[in-house]
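A structural walkthrough
Listed here are the chains, written in short residue letters.
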Amino acid sequence: MGKVGLGLAVGCAVASCAIAAVMVGRRVRSRRRWWWVVRVFDEFEEAASTPVGRLRQVVDAMAVEMHAGLASEGGSKLKMLLTFVDNLPDGSENGIFYALHVGGTNFRLLRIQLGGQRAILGHDVERKPIPQHLMTSTSEELFDFIALSLKEFVERKGNNLQISQVRGRDLGLTFSFPVKQMSVSSGTLIKWTKGFSIEDMVGKDIVECLQKALSRRGLDMTVAALVNDSVGTLALGHFYDKDTVAAVVIGTGTNACYLERADAVIKCQGLLTTSGGMVINMEWGNFWSSHLPRTSYDIDLDAESQNPNDQGFEKMISGMYLGDIVRRVILRMSLESDIFGPVSSKLLARFVLSTPSMAAMHEDDSPNLSEVAKILEETLDIHDVPLKVRKLVVKICDVVTRRAARLAAAGIVGILKKIGRDGTGGITSGRIKSGKSGKMRRTVVAVDGGLYTSYTMFREYLNAAVAEILGEEIAPYVILKVMEDGSGIGAAMLAASNSAQSVDTVQVL
Ligand code: BGC
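So, here's what we can say about the structure. On a predicted model such as this, the values are computed, not experimentally measured, just so you know. (Residues numbered from 1 in each chain as written. Predicted model: local features only at pLDDT ≥ 70, side-chain atom pairs only at ≥ 80, totals over all residues. Heavy atoms only, no water.)

An ideal rise of 1.5 Å per residue puts 28 Å on 20 residues; helix α2 (residues 52–71) measures up with 29 Å between its terminal C-alpha atoms. Among the residues of α2, those classed as buried are Leu55, Val58, Val59, Ala61, Met62, Ala63, Met66, His67, Gly69 and Leu70. (Helix = DSSP H or I, 4+ residues; strand = E, 2+ residues; numbered from the N terminus. Expected span 1.5 Å × (residues − 1). Buried < 20%, exposed > 50% of the residue type's maximum accessible area, 1.4 Å probe, protein only.)

Right, here's the structure in full:
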């Protein structure tokens, strides 16, 4: 080998050593980056964990807060609002009733025909998205849109019924925001949630706003019942099954209501109802306890939200937020590693990953997680993600959904504890009693909202957690029943039962 040849050989050897070194270095660095991302995930999983011991603390905190909210106005973050609903439908209701449901991403119009004897003879529902701009416009614009939609619906569904023929017909209005009710058919808005923000509406009577808009459209209908969606769900649950004592909504937002003894509503002394009870709208979305497993992602989500320090429970549980928590975890991983390629600008946009998309990734059962790849590409502009990273994305969705479902389950058991239906000693004077109570009664909780009705894994986690918290002896007595569209149908039923009642059954002395 001549000098030139030797030089060339040495040169090649040096070059290949250098290439090898770079490759090894890259692999080590990429392994380090993967290792780092796994650490980020583990920390998140740990911070969001909900072992049954922690859930039981949440159960107790919920029961104690409920007591405090009933004891005095402002006594708790739980508003525990009076609904003036003391009699729930029992199946004897008769006639055609309309209902409107305002409160989530979709606005719903309903027409139901009740035939007595627990029979629903006809049932029409139409969903319409509320145009985004109306969620932050003026009350007049929002209610004009609602009134016009109702007018068109009545004309379409009424089999050529003339508008004049619905004159005086009773209407149920489900308004899924915190409302201070003055009676079963009047109430003022306390605050907006779920991304709505129409300043001039706060403090106004919702029924008055709707009635004015209806007359502007020439529609002579009377709002006989103004109800929260959880109350509508309870009404439908009770229509079918008299053992229904509470209802929960887990959709865009979340809330619960239950049947309370009138004498337990200490903040309203002298509350007299014919049934001796009253449905309480808890507004549990605003529940807070130091036992809630809060992560740094929740803190950021809250700080950047329209309502910081508000609706803390809702921000961990409901459909408006779950997708965004997942997005935040992916964003952090993307900023601190290259496992998702270059940081996508779409990842920076709040709410770009909706909860239905998150659920679709979570429930992707294709062998190569093609749905996950598709959603990452189409929604987040993240391409060519290796399978192990797609698997990691599914795990993130799982942590977020599992925590949400298990916390909602703890909330439900908290209600049962408050009313002495959890098999323990319940709660008296704001203190948790321990030990077993007497005989357990069959107890039904009605559930509505897309997260529970349409997201199988969420529903399974929630059901399993309720059973886990209650234990195998008590769990068989507690039944969770899906009440799809219960929020709206129940409002129509309450309109029916309230229009039939000529006298007011609730008095505050
Ligand atoms: C509202 C509740 C409502 C719940 C579910 C929450 O944001 O404050 O009134 O029941 O969402 O729709």
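Attention now goes to helix α10 (residues 370–380). Since the α-helix advances by 3.6 residues per turn, residues separated by three or four positions end up pointing in the same direction. Burial in α10 covers these residues: Val372, Ala373, Ile375, Leu376, Thr379 and Leu380. Summarising the axial view, the buried residues of α10 lie within an arc of 165 degrees, below the 170-degree limit, and thus occupy one face. Contacts from the buried residues of α10 go to α8 (322–336), α9 (355–362) and α11 (387–418). Positive backbone phi, at 60 degrees, marks Asp381, one or two positions downstream of α10. (Arc of directions from axis to C-beta. Contact = heavy atoms within 4.5 Å.)

Our next topic: the site of the ligand. Around the ligand, a shell composed of 14 residues is seen, among which Thr193, Asn228, Asp229, Glu283 and Glu314 lie nearest. Contact between the ligand and Lys194: an oxygen atom at 2.9 Å from a side-chain N or O atom of the residue. At 2.7 Å, a side-chain N or O of Glu314 approaches an oxygen atom of the ligand. Summarising the interface, the protein chains cover 98% of the accessible area of the ligand, which totals 310 Å² for the free molecule. Residues of the shell around the ligand, tallied by class, amount to three nonpolar, seven polar and four charged. (Near = heavy atom within 4 Å. Polar contact = N/O pair within 3.5 Å; in protein donor to acceptor, adjacent residues only side chain to side chain. Areas by Shrake-Rupley, 256 points an atom, 1.4 Å probe, with all protein chains shown as cover. Nonpolar A, V, L, I, M, F, W, Y, C, P; charged D, E, K, R; others polar.)

Turning next to the pattern of salt bridges. Enumeration according to the criterion identifies 24 salt bridges in this entry. Taking the shortest distance from any N to any O, the salt bridge between Glu126 and Arg156 comes out at 2.5 Å. Within this pair, whereas Glu126 is found in strand β4 (residues 120–129), its partner Arg156 is found in helix α3 (residues 139–157), the two being separated by 30 residues in sequence. Taking relative accessible area as the criterion, Arg156 reaches 47% and is therefore assigned partly exposed. Note that Asp302 is salt-bridged to Lys315, the shortest N-O span being 2.7 Å. With Asp302 in helix α6 (residues 296–303) and Lys315 in helix α7 (residues 312–317), this pair connects stretches of sequence that are 13 residues apart. The residues Asp302 and Lys315 share a single accessibility class, namely buried. Here the salt bridges share partners, and the residues they tie into one network are Asp241, Asp243, Arg442 and Lys481. (Salt bridge = Lys/Arg side-chain N within 4 Å of Asp/Glu carboxyl O.)

Attention shifts here to the packing of α2 against α11. Two quantities define a packed helix pair, namely the angle between the axes and the distance from one axis to the other. Look at α2 against α11: their axes get within 8 Å of each other, and the N-to-C directions meet at 50 degrees. Relative to α11, α2 is oriented oblique. Helix-helix and strand crossings are classified by hand; for α2 and α11 the assignment is right-handed. Across the interface between the two elements, Val52, Leu55, Val58, Val59, Asp60, Met62, Ala63, Met66, His67 and Leu70 of α2 pack against Arg406, Leu407, Ala410, Gly411, Val413, Gly414, Ile415, Lys417 and Lys418 of α11. (Axes fitted to C-alpha atoms, helices over the stretch in contact; angles between N-to-C directions. Parallel < 35°, antiparallel > 145°, perpendicular 65-115°, else oblique. Left-handed = near helix turned anticlockwise from the far one by under 90°.)

In this section: empty space enclosed by the protein. A probe as big as a water molecule, rolled over the atoms, marks out the empty space that is left. Under the definition given, this model contains three cavities of 30 Å³ or more. Put simply, the largest cavity is a space of about 90 Å³. Along the wall of the largest cavity there are 14 residues; nearest its centre are Ser176, Lys194, Thr254, Asn255 and Glu283. Here the residues of the lining of the largest cavity sort into three nonpolar, seven polar and four charged. In this model, the second largest cavity occupies a volume close to 50 Å³. (1 Å grid on protein atoms, 1.4 Å probe; cavity = no way out; pocket = protein on both sides within 12 Å on 5 of 7 lines; lining within 4 Å. Points joined across faces, edges and corners; volume = space filled by probe spheres on them.)

Formed by 122 residues in total, the largest nonpolar core has its most connected members in Met282, Trp284, Ile330 and Leu462. Take this core: its biggest share by element is 18 residues, from α11. Aside from chain neighbours lying at most four places away, what touches Ile330 is Phe340, Leu347, Leu376, Leu380, Ile382, Val393 and Ile396. With 36 residues, the next largest nonpolar core counts Val102, Ile130, Phe153 and Leu219 among its residues. (Core = buried A, V, L, I, M, F, W, Y, C linked by side-chain atoms within 4.5 Å.)

With that out of the way, let us pick up the sheet that holds strand β15 (residues 443–448). Backbone hydrogen bonds are what pair the strands of a sheet, in a parallel or an antiparallel way. If you trace the six strands from one edge of the open sheet to the other, you get β1-β12-β10-β9-β15-β16, paired in mixed fashion. With partners counted over all chains shown, the strands left at the sheet margins are β1 (81–82) and β16 (478–482), one partner each. Here strand β10 (residues 254–261) pairs with strand β12 (residues 277–281) via five bridges, running antiparallel. Note on β12: the bridge partner recorded for Cys257 is Asn281. On top of the sheet, helix α5 (residues 229–240) reaches β9 (244–250), β10, β12 and β15; it is set at about 135 degrees to β9, its chief contact. (Pairing = 2+ DSSP bridges.)

What follows covers the packing of α10 against α11. It is at 10 Å that the axes of α10 and α11 come closest, and there the two elements cross at 85 degrees. Classified by the interaxial angle, the pair formed by α10 and α11 is roughly perpendicular. Together, Val372, Ala373 and Leu376 of α10 and Arg390, Val393 and Val394 of α11 make up the contact between the two elements. Taken together, the residues of the contact of α10 with α11 break down into five nonpolar, no polar and one charged.

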